[in-house]
Amino acid sequence: QVQLVESGGGLVQAGGSLRLSCAASGGFVSSYAMGWFRQAPGKEREFVAAIRRSDSSTSYANSVKGRFTISRDNAKNTMYLQMNSLKPEDTAVYYCAAKNGPAYDTYYGNYDYWGQGTQVTVSS
């Protein structure tokens, strides 16, 4: 089964940018629908962005639309989340996930494989 490892989190000032990476092993990112989720303290895990397996079409939460970009590099077997114009409310642990089947999903319960998460903290 695929293993996922996130990296790229950190502390950034409001308005800044970060790029998260999700490196896969034991499987290929091109074989799964992939997604990014985040979880802030005391809150439920929420959908951020997803990319479909078949045609790489994408979907975003309204709260990040226009600021975040999800992408996938099949040659590097890695998925990315480019985050621009960061806000303090973006502070959370960010998780990447993989889902069997071609279609992405906004519900975290429908994903089959998860990374360990990477902390993103945006200061005001």
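Residues numbered from 1 in each chain as written. Predicted model: local features only at pLDDT ≥ 70, side-chain atom pairs only at ≥ 80, totals over all residues. Heavy atoms only, no water.

### What to know about the nonpolar core
Membership of the largest hydrophobic core comes to 36 residues, with the highest contact counts inside it found for Leu 4, Met 34, Trp 36, Leu 81, Met 83 and Tyr 94. If you list the elements that add at least two residues to this core, you get strand S3 (18–25), strand S4 (33–39), strand S5 (46–51), strand S7 (68–73), strand S8 (78–83), strand S9 (92–99) and strand S11 (118–123). (Core = buried A, V, L, I, M, F, W, Y, C linked by side-chain atoms within 4.5 Å. Buried < 20%, exposed > 50% of the residue type's maximum accessible area, 1.4 Å probe, protein only. Helix = DSSP H or I, 4+ residues; strand = E, 2+ residues; numbered from the N terminus.)

### Looking at the pattern of salt bridges
Under the defined criterion, the tally for this structure stands at 3 salt bridges. In this structure, Arg 38 engages Glu 46 in a salt bridge whose closest nitrogen and oxygen atoms are separated by 2.6 Å. Here Arg 38 falls in the buried class, since its relative accessible area comes to 5%. Between Asp 90 and Arg 67 there is a salt bridge; the shortest N-O distance is 2.8 Å. Separated by 23 residues along the polypeptide, Asp 90 in the loop between S8 and S9 and Arg 67 in the loop between strand S6 (58–60) and S7 bring together distant segments of the chain. This pair shows no difference in class: Asp 90 is buried, exactly as Arg 67 is. Overlapping salt bridges, with partners in common, bring together Arg 38, Glu 46, Arg 67 and Asp 90 in one network. (Salt bridge = Lys/Arg side-chain N within 4 Å of Asp/Glu carboxyl O.)

### A word on the sheet that holds S3
On the basis of which strands lie adjacent, the open sheet formed by 4 strands has the order S1-S3-S8-S7 and antiparallel pairing. Both edges of this open sheet fall to strand S1 (3–7) and S7, since each of them pairs with a single strand only. Neighbour-to-neighbour, the strand axes of the sheet open up by a mean angle of 15°, direction not taken into account. Inspection of the sheet shows S1 paired to S3 by 5 bridges, in the antiparallel sense. By the bridge assignment for S3, Gln 3 is matched with Ser 25. (Pairing = 2+ DSSP bridges. Axes fitted to C-alpha atoms, helices over the stretch in contact; angles between N-to-C directions.)

### With respect to the state of the cysteines
Throughout the structure, instances matching the rule amount to 1 disulfide. Paired by a disulfide, Cys 22 and Cys 96 hold their sulfur atoms 2.1 Å apart. Residues Cys 22 and Cys 96 are joined by a disulfide whose S-S torsion is about 60°; by sign, that bridge is right-handed. You can see Cys 22 sitting in strand S3 and its partner Cys 96 sitting in strand S9, a full 74 residues away along the chain. Classification of Cys 22 as buried rests on a relative accessible area of 0%. Exposure remark for Cys 96: the relative accessible area of 0% places this residue in the buried category. (Disulfide = S-S within 2.5 Å.)

### Topic: the environment of Asn 84
Tracing the chain through its elements places Asn 84 in the loop between S8 and S9. On the basis of relative accessible area, Asn 84 is assigned to the partly exposed category, the value being 30%. Every residue in contact with Asn 84, bar those within four places of it in the chain, is listed here: Gly 16, Ser 17, Arg 67 and Phe 68. (Contact = heavy atoms within 4.5 Å.)

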